[in-house]
Amino acid sequence: MPGNKNPLPPMSDEPPEFEDFKTYAHQAPVATAGRMAKRMFTRGTWPEARRVKELLQTETIGGVLLLMAAVAALTWANSPWSHSYEVLRDAHIGPHFLGLNMSVAHWAADGLLALFFFVVGLELKHEFVVGDLKNPSAAAVPVIAAVCGVAVPALIYAAINAGGDGAQGWAIPTATDIAFALAVLAVIGSHLPTALRSFLLTLAVVDDLIAITIIAIFYSHGFSLTWLVVAIVPIALFGVAVQRGLKNPVVLGVLAIAAWVCVLNSGIHATIAGVVLGLLVPVKGKRAIADRMEQRLHPYSAGFAVPVFAFFSTGVTVVGTSITDTLTDAVTIGVIAGLVLGKTVGIFGSTFLVSKFTRAELDDNLTWSDVFGLSLLGGIGFTVSLLIGELAFGSGSSADDHVKIGVLLGSLLSAALASIVLARRNRVYAQLAEEEERDDNHDGIPDVYQRPSTA
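The model shown is predicted, which means the values in this text are computed figures rather than measured ones.

Chemist: I tried to follow the overall build of the protein chain on my own but got confused; where do I start?
Modeler: Tallying secondary structure elements over the protein chain gives 18 helices and four strands in all. Counting only residues that meet the buried cut, the protein chain has 52% of its 455 residues in that class. Restricting to contacts in the protein chain with at least 6 residues of sequence separation, those with at least 24 account for 81%. Of the roughly 20200 Å² that the protein chain leaves accessible, carbon and sulfur atoms contribute 65%.

Rendered as structure tokens:
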């Protein structure tokens, strides 16, 4: 790299906000080309690191709001005024036309979460086109970890509930809630290195993709081919509009709502519409608007849609019920074991095996205890786990209440264990964070991303 005076080729297909970083975007992967195959959890490039940092800041705030919403719901549901919580949650609003007269809780799950999954679709598109998942070698570790982090919890839950009434909830402990996980990091004050944060985000994105597929295949009911065919029209029009660079929020909003209504009536869970629409938005070229959309919608998704869903989904009443019966129920045990044990074994075990089979080493200053703590953090399931629980057993059922208890306890236990493991390395993380943020030449780009690396 030093002494190379050849100008970079034009990159006109990159989004405008990356123009200032073209000089540096290529350095990390090119300079370490000889090491990439033997290094895991590398820092990556500055444009992607900056994007991840900004994205995770929003997720952290959303995670704090999510926790506050869950605590508020649990407090209200177990107070002398618990009946009013149930009345609000079960109140029906909306026109009967097109099946839109739904309970408030149903609107939160099918309506607000559609926005959440639209943002997930945007993030998936970015990761596969210009992000970490674009490079197969770089994507291999988080993808394998995500797949194993889904499979092992599902198998543990299925084994515990084999032959029982709770068997259909096998997918509940498979999801990682990135917002909740980041809120935990914020609470314990962990300066987790950029490489580990990027891994956690990529893991959660792939995790969400698998969860979306599971919901579409295994938890859709009353399938209607007619409505699905009709849904193709607004979805196609939305795709054409965004591909041609249309930015009118009214037009795009009307098409998105039309697509959502059609998918809702098709029997496929309505949130799938959000993912499909998000995947249609271009992330490269002159008409790329995905990053702009994500920046505008992500705060509403993380700061409003998800917390409201959590508020109406976590209000389980435990006062006056048998705690022993709840904690010894196979559904509760399966969810807790899947999240705490399954996620950790799946993520850490697969990552460790990949390193052994490929003879890859962890990047400098990282240890396997860091990966273990991150794997425990992956056991924090919330939003998607609660959604799958409602789809599997029905909102308000006793089994669904056990799911909520299991998700809450499993997530809190995972968070506590992860905090213990990660807090031990906080001093090291703080030093790494200081190095990653140092900008001695005051050009707006941390110096560590401008240093030539040795192969």
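Chemist: Mind showing me how you'd approach the layout of surface pockets here?
Modeler: Any empty space left between the atoms is revealed when a probe the size of a water molecule rolls over them. Considering only enclosed or pocket space, the second largest pocket measures out at about 750 Å³ in volume. Around the second largest pocket, the lining is made up of 24 residues, and of these Leu115, Phe118, Gly253, Ala256 and Leu297 lie nearest the centre. Elements with a minimum of two residues in the lining of the second largest pocket: α5 (104–129), α10 (249–266), α11 (271–280) and α12 (290–313). In terms of residue class, the lining of the second largest pocket is made up of 18 nonpolar, three polar and three charged.

Chemist: Would you mind going over empty space enclosed by the protein with me for this structure?
Modeler: Scanning the model with the defined rule gives two cavities of 30 Å³ or more in all. As for the largest cavity, its lining consists of 22 residues, and the residues nearest its centre are Glu59, Phe116, Val120, Ile178 and Asp208. Mapped by element, the contributors of at least two residues to the lining of the largest cavity are α3 (46–77), α5, α7 (178–188), α8 (194–218), α12 and α16 (383–393). It is α12 that provides the largest number of residues to the lining of the largest cavity, a total of five residues. For the lining of the largest cavity, a count of residues per class yields 12 nonpolar, five polar and five charged.

Chemist: Looking at this model, I keep getting lost on the nonpolar core. Mind explaining?
Modeler: One recurring pattern in soluble globular proteins: nonpolar side chains tend to sit buried together. By size, the foremost hydrophobic cluster in this structure holds 97 residues, and its most contacted members are Phe41, Val281, Leu377 and Phe382. Looking at which element gives the most residues to this core, the answer is α8, with 14 residues. Ignoring sequence-local partners within four residues, the contact set of Leu377 consists of Thr176, Ala181, Val184, Leu185, Leu200, Ala418 and Leu422. If you look at the next biggest cluster of nonpolar residues, it comprises nine residues, including Ala69, Tyr85, Ala108 and Phe312.

Chemist: Mind showing me how you'd approach the environment of Leu327 here?
Modeler: Structurally, the position occupied by Leu327 is in helix α13 (residues 323–328). As for Leu327 and Ile405, which are separated by 78 residues in sequence, their C-alpha atoms are 8.3 Å apart. The contact partners of Leu327, leaving out residues within four places of it in the chain, are Thr332, Ile333, Ile405 and Leu409.

Chemist: Could you clarify how one ought to interpret a nonpolar patch on the surface in this entry?
Modeler: On the surface, a nonpolar cluster with roughly 360 Å² of combined accessible area is contributed by Ile61, Val64, Leu65 and Met68. If you trace the backbone, Val64 turns up in helix α3.

Chemist: Please explain the pattern of salt bridges as it appears in this structure.
Modeler: Side-chain pairs of opposite charge can arise whenever the charged atoms involved come near each other. Inspection of the entire model under this criterion finds four salt bridges. The partner of Lys404 in a salt bridge is Asp400, and the shortest N-O contact between them spans 3.8 Å. With a gap of four residues between them, Lys404 and Asp400 both fall in helix α17 (residues 398–423), about one helical turn apart. The residues Lys404 and Asp400 share a single accessibility class, namely buried.

Chemist: It is not clear to me how the side chain of Lys343 should be interpreted in this structure. Could you clarify?
Modeler: Considering the arrangement of structural elements, one finds Lys343 in helix α14 (residues 330–358). In terms of polar contacts, Lys343 uses its side chain to reach the backbone carbonyl oxygen of Gly149, at 3.0 Å. Within the structure, Lys343 has its side chain in polar contact with the side chain of Asp207 (distance 2.7 Å).

Chemist: What is the right way to read unusual backbone geometry from this model?
Modeler: A negative phi angle characterises most non-glycine residues, just as the trans form characterises most peptide bonds. Positive phi is not limited to glycine here, since Leu98 has a value of about 60°. Among the structural elements, Leu98 can be located in the loop between β2 (92–93) and β3 (102–103). Taking relative accessible area as the criterion, Leu98 reaches 29% and is therefore assigned partly exposed.

Chemist: Would you mind going over the environment of Leu297 with me for this structure?
Modeler: Along the chain, Leu297 turns up in helix α12. Exposure remark for Leu297: the relative accessible area of 26% places this residue in the partly exposed category. A C-alpha to C-alpha distance of 8.8 Å links Leu297 and Phe116, two positions 181 residues apart in sequence. In this structure Leu297 touches Leu115, Phe118 and Val119, once residues within four positions along its chain are discounted.

Chemist: Would you mind going over α10 with me for this structure?
Modeler: Quick reminder: α-helices carry 3.6 residues per turn. Residues three or four places apart thus point the same way. Between its first and last C-alpha, α10 extends 25 Å over 18 residues, near the 26 Å set by a 1.5 Å rise per residue. Among the residues of α10, Leu252, Leu255, Ala259, Trp260, Val261, Cys262, Val263, Leu264 and Ser266 are the ones counted as buried. In this structure, the buried side of α10 is in contact with β3, α5, α9 (225–243), α11 and α12. One side-chain oxygen at the N-terminal end of α10 lies 2.9 Å from the backbone nitrogen of Val250; it belongs to Asn248. Once α10 ends, the next one or two residues include Gly267, with phi positive near 100°.

Each value, and the rule that gives it
Residues numbered from 1 in each chain as written. Predicted model: local features only at pLDDT ≥ 70, side-chain atom pairs only at ≥ 80, totals over all residues. Heavy atoms only, no water. Helix = DSSP H or I, 4+ residues; strand = E, 2+ residues; numbered from the N terminus. Buried < 20%, exposed > 50% of the residue type's maximum accessible area, 1.4 Å probe, protein only. Contact = heavy atoms within 4.5 Å. Areas by Shrake-Rupley, 256 points an atom, 1.4 Å probe, with all protein chains shown as cover. 1 Å grid on protein atoms, 1.4 Å probe; cavity = no way out; pocket = protein on both sides within 12 Å on 5 of 7 lines; lining within 4 Å. Points joined across faces, edges and corners; volume = space filled by probe spheres on them. Nonpolar A, V, L, I, M, F, W, Y, C, P; charged D, E, K, R; others polar. Core = buried A, V, L, I, M, F, W, Y, C linked by side-chain atoms within 4.5 Å. Patch = residues over 30% accessible without salt bridge, like charges linked within 9 Å, V, L, I, M, F, W, Y side chains within 5 Å. Salt bridge = Lys/Arg side-chain N within 4 Å of Asp/Glu carboxyl O. Polar contact = N/O pair within 3.5 Å; in protein donor to acceptor, adjacent residues only side chain to side chain. Expected span 1.5 Å × (residues − 1).

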